[in-house]
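# Structure at a glance
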Amino acid sequence: MPDTATKSATPSATATAQDAPKVAGGTESGVQPQPETDGFHLVIDALKLNGIDTVFGLPGIPITDLTRKLQVAGMRVISFRHEQNAGYAASIAGFLTQKPGICLTVSAPGFLNGLTALAHATTNCFPMILISGSSEREIVDLLQGDYEEMDQLAIAKPLAKAAFRVLHAEDIGVGVARAIRAALSGRPGGVYLDLPAKLFPQAIDAAAGKGSLIKVVDAAPRQIPAPDAVKRALDLLKSAKKPLIILGKGAAYAQADADIRALVEKTGVPYLPMSMAKGLLPDTHEQCASAARSFVLPEADVVMLIGARLNWLLSHGKGKTWGGASAKTWGGQKFVQVDISPQEADSNVRIDAPLVGDIGSCVKALLAGIDTRWPKPPPEWTSAVADRKKKNVAKMAETLTKDPSPMSFQSALNVVRDIVKANPDAILVNEGANALDFTRSIVDMYKPRKRIDVGTWGIMGIGMGYCVAAAAVTGQQVIAVEGDSAFGFSGMETETICRYKLPVCIVIMNNNGVYRGDEANPTGGSDPSPLVFVKDARYEKLMEAFGGVGVHVTTPAELRKAMEEAIRSRKPTLINAVIDEGGGTESGRITSLNPAAKKK
Ligand code: ADP
Ligand code: TPW
Ligand code: MG
């Protein structure tokens, strides 16, 4: 360890005095004082140099002063009530901005609280950096029982795309640069950066410190697809009698919106957006096949996946969903897969035409091979899709106009649908089971990256973190449609929303429980069923407790009025929408994944 490590045990300075440059070397000897910098400032300078302007976190030893100094340095520091929510905020900020979202936590427990979000970022291919302070290496490694002792680097590794630790101030520039590159390049993911407490006060010569910082050049290099792979993909698509395009959240992330739209429209191929790709083209687009999903998947003969994995969300590309005879049999589709990860192809079924590259470059290359002579899909196919769509849309319209009491998911979401249509720039956050599935199918999206939800894991708890990040990094109105269970995972962040005065309107679909609220303890005992909550809970009072607006609604008209007012005022608002407690189904639309007991 260099002597710089021990030189300056910086006393905790005040927020205002601390940013004066330090001066080393006494004047008594006649030597000119050399300005110094330290670990705190180098971390901040490295982040700023790379365009990071917002940090989501939670203070405490050893990063308390870092949060103050970040704010002094002009960064937006958003302080949460639980690190997991700060982490989810960072992950979705990464998705929305193509800059790594930063989550800053304390050691061991704070780190672990942030770790779920780091794993979530990696799983969802979102660029994020979890920066955690850590305790003294010598003590941690000898298991001598330090304050918040934990070998964080080792624990983060299997859950992160990459993990780094910086021990010396002069290496901070490299550490931050490596973290940024790892998070953004290729398939984006979560990166862990371990900063031990001792690093922060290490002082080094200011000029040397400045010289050690790295401004990352071309952090997410374009990856141009090979011409033969482009031709193979186009030939396969052209050969199709019943082609289909599936757009995933990778396509939304790529920000190649105009070219993706051109590809869909020039080929004339029906497309399905995965949930976070909704709005990449407006859901009302005539080629959108969402309303005919269960028809197009088994019927299609060639499917082009753009930034979507054939994981459980697409039934692994096989089985009955895809027209296979049984749960695991291939439906006979041929696949083109456009993805930046060369290892993604063949993960579940054979990919006949993998197209490896970044989506922007791949879609451009595909477009270059599509001219006016491109054969549109056979009209039998497109009109069959259109017919099925029409039938299903009519069926849905009928349900939406019903006005039962208590409200159904559908009658409430019919209001949300109208409000989103009238406010297409608003960002929709969505979690729950029935609250998720109904919203996804009922609420149309009109613009790219406006819908953010439970993602690849179907995770509960992203809600309020996503709301805070979406409002903070885009400045747009946020509307969150939350199951009452889902909301509970992050509900305390309503205080954060109020504290930062964010334009967030939360609508709780309150059916008194997980999936439904009408279940009883099968033993007849006095404990409630594990699936239900306090009946008629007044969640809106939580928002009122922090100075926000709380509204309790029982009809679509009241819901509409409350949402309109929330959007007009941009005030933090929580609308507790009372929904029929028997209106949901177990696990929403994924009941089939529930293991069934053999023993009766
Ligand atoms: P969805 O859940 O919407 O189906 P997934 O998360 O399963 O989407 O898939 C996203 C895919 O997009 C991942 O396989 C990832 O490698 C890919 N991806 C992410 N960003 C890009 C990009 N810029 N270019 C190409 N592929 C990308
Ligand atoms: C981190 C399991 C999936 S959906 C859900 C749970 C607990 C809540 C459903 O109730 P909610 O919605 O939100 O009230 P609704 O409309 O159907 O009543 N822990 C985590 N993630 C998941 N997915 C679960 C548990 C789950
Ligand atoms: Mg519920």
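In this text, all values refer to a predicted model and were calculated from it rather than measured experimentally. (Residues numbered from 1 in each chain as written. Chains lettered and ligands numbered in written order. Predicted model: local features only at pLDDT ≥ 70, side-chain atom pairs only at ≥ 80, totals over all residues. Heavy atoms only, no water.)

### Digging into the overall build of the protein
Stated precisely, the cut-off is as follows: Numbering of helices and strands starts at the N terminus; helices are DSSP runs of H or I of at least 4 residues and strands are runs of E of at least 2. Atoms counted for the radius of gyration: C-alpha only. Globule rule: 2.2 Å times residue count to the power 0.38. Positive: Lys, Arg. Negative: Asp, Glu. His and the chain ends are not part of the count. In plain terms, the charge of a residue is placed at NZ if it is Lys, CZ if Arg, CG if Asp and CD if Glu.
Within the protein one finds 22 helices and 20 strands. For 600 residues, the compact-globule estimate of 2.2 N^0.38 gives 25 Å, and the C-alpha radius of gyration of the protein, at 26 Å, lies within 12% of that figure. With respect to the principal axes defined by its C-alpha atoms, the protein has extents near 90 × 65 × 55 Å. Distance between charge centroids for the protein: 7 Å, based on 66 positive and 62 negative side chains.

### Overview of the confidence of the model for the protein
The condition that has to hold: Per residue, pLDDT measures the predictor's confidence, with a range of 0 to 100. Whether two residues touch is decided by their heavy atoms; if any such pair falls within 4.5 Å, the residues are in contact.
Of the residues in the protein, 95% have a pLDDT of 70 or more, and the chain-wide mean is 95. Scored below 50 in pLDDT, residues 1-18 shows 25 contacts in the model against residues more than four places distant or in partner chains.

### Overview of the site of ligand 1
Here is the rule we go by: One heavy atom suffices: a residue is near a molecule or strand as soon as one of its heavy atoms comes within 4 Å of it. Under the rule applied, a polar contact is a pair of N or O atoms within 3.5 Å (in protein, one hydrogen donor and one hydrogen acceptor; residues adjacent in sequence only if both atoms are side-chain atoms). The method behind every accessible area is Shrake-Rupley, applied with a 1.4 Å probe, and residues are considered shielded solely by the protein chains displayed.
Around ligand 1 sit 20 residues, and of these Arg187, Lys249, Arg309, Asp339 and Ile359 come closest. At 2.7 Å from an oxygen atom of ligand 1 is found a main-chain nitrogen or oxygen belonging to Lys249. Within the side chain of Asp339, one N or O atom sits 2.5 Å away from an oxygen atom of ligand 1. Coverage of ligand 1 by the protein amounts to 96% of the 580 Å² it exposes when considered alone.

### What to know about unusual backbone geometry
With an omega of 5°, the peptide bond running from Ile61 to Pro62 counts as cis. Here Pro62 lies in the loop between strand 3 (54-57) and helix 3 (64-72). Across the junction of Ser405 and Pro406, the peptide omega takes the value -5°, indicating a cis bond. Here Pro406 lies in the loop between helix 15 (379-401) and helix 16 (409-422). The phi dihedral of Ser315 is positive, around 50°, even though this residue is not glycine. Mapped onto the fold, Ser315 is located in the loop between strand 12 (302-306) and strand 13 (334-339).

### Points about helix 8 (residues 172-184)
Every α-helix winds through 3.6 residues per turn, so residues three or four apart in the chain are directed the same way. Keep this limit in mind: How far a helix is expected to stretch is found by multiplying one less than its residue total by 1.5 Å. Whether a residue is buried, partly exposed or exposed follows from its accessible area with a 1.4 Å probe, protein chains only, as a fraction of its type maximum: under 20%, in between, or over 50%, in that order.
Between the first and last C-alpha of helix 8 there are 18 Å, a value that for 13 residues agrees with the 18 Å anticipated at 1.5 Å per step. Most of helix 8 is tucked away: 10 of the 13 residues are buried. Taken together, the buried positions of helix 8 are Ile172, Gly173, Gly175, Val176, Ala177, Ala179, Ile180, Ala182, Ala183 and Leu184. In the core, the buried residues of helix 8 are packed alongside helix 2 (39-49), strand 6 (128-134), strand 7 (162-165), strand 8 (190-196), helix 9 (206-212) and helix 11 (249-253). Downstream of helix 8 by a residue or two, Gly186 has a phi angle that is positive, lying close to 55°.

### A closer look at the nonpolar core
What counts is decided by this rule: Grouping buried Ala, Val, Leu, Ile, Met, Phe, Trp, Tyr and Cys residues that are joined through side-chain atoms within 4.5 Å yields what is termed a nonpolar core.
Ranked by internal contacts, the top residues of the largest apolar core, which has 95 residues, are Ile452 and Ile506. Residue contacts for Ile452: discarding those within four places in its chain leaves Ile92, Phe95, Leu96, Met276, Ile427, Leu428, Val429, Asn430, Tyr466 and Ala470.

### So, the site of ligand 2
So the rule is basically this: In this count, Pro and Cys sit with the nonpolar residues alongside Ala, Val, Leu, Ile, Met, Phe, Trp and Tyr, while Asp, Glu, Lys and Arg are called charged and the others, Gly among them, polar.
In the vicinity of ligand 2 lie 17 residues, with Asn434, Gly458, Asp484, Ala486 and Asn511 positioned nearest. A distance of 3.1 Å separates a nitrogen atom of ligand 2 from a polar backbone atom of Met460. Here Gly513 contributes a backbone N or O atom positioned 3.0 Å from an oxygen atom of ligand 2. Within the complex, the protein chains bury 75% of what would otherwise be the 590 Å² of accessible surface of ligand 2. Where the shell around ligand 2 is concerned, the elements lending two or more residues are helix 17 (434-442) and helix 19 (484-488). In terms of residue count, helix 19 provides more of the shell around ligand 2 than any other element does, three residues in total. Of the residues assigned to the shell around ligand 2, the class counts are nine nonpolar, seven polar and one charged.

### Some thoughts on the side chain of Ser107
Structurally, the position occupied by Ser107 is in the loop between strand 5 (101-105) and helix 5 (108-124). Under the relative-accessibility criterion, Ser107 is labelled buried at 1%. Dropping the residues within four chain positions of it, Ser107 is found in contact with Ile61, Pro62, Gly133, Ser134, Ser135, Glu148 and Gln152.

### Let's talk about the coordination of the magnesium ion (ligand 3)
Heads up, the condition is: A donor here means any N, O or S atom no more than 2.8 Å from the metal (3.2 Å for Na, K and Ca); water is not included, so a site may seem to lack partners.
Bound to the magnesium ion (ligand 3) on the protein side are Asp484 (OD), Asn511 (OD1) and Gly513 (O), at distances that span 2.0 to 2.1 Å. Counting along the primary sequence, the residues that act as donors to the magnesium ion (ligand 3) give the motif D-x26-N-x1-G. In this pair, Asp484 sits in helix 19 while Gly513 sits in the loop between strand 18 (504-510) and helix 21 (540-545), placing the two residues 29 residues apart along the sequence. Both residues of the pair, Asp484 and Gly513, belong to the buried class.

### Notes on the packing of helix 4 (residues 83-97) against helix 18 (residues 463-474)
Inclusion rule: Think of each axis as a best-fit line through the C-alpha atoms, taken over the contacting stretch in the case of a helix, with angles from 0 to 180 degrees between the N-to-C directions. Each angle is binned into one of four classes, with values under 35 degrees roughly parallel, values over 145 roughly antiparallel, values of 65 to 115 roughly perpendicular, and all other values oblique. Crossing handedness: left-handed means the near helix sits turned counterclockwise from the far one by under a right angle, and right-handed means the same turn made clockwise.
In the contact formed by helix 4 and helix 18, the axes pass within 8 Å of each other and the chain directions differ by 45°. Classified by the angle between their axes, helix 4 and helix 18 sit oblique to one another. Here helix 4 runs over helix 18; the crossing is right-handed. Residues Asn85, Tyr88, Ala89, Ser91, Ile92, Ala93, Leu96 and Thr97 of helix 4 lie in contact with helix 18, whose contacting residues are Gly465, Tyr466, Ala469, Ala470, Val473 and Thr474. Across the contact of helix 4 with helix 18, the residue classes tally to nine nonpolar, five polar and no charged.

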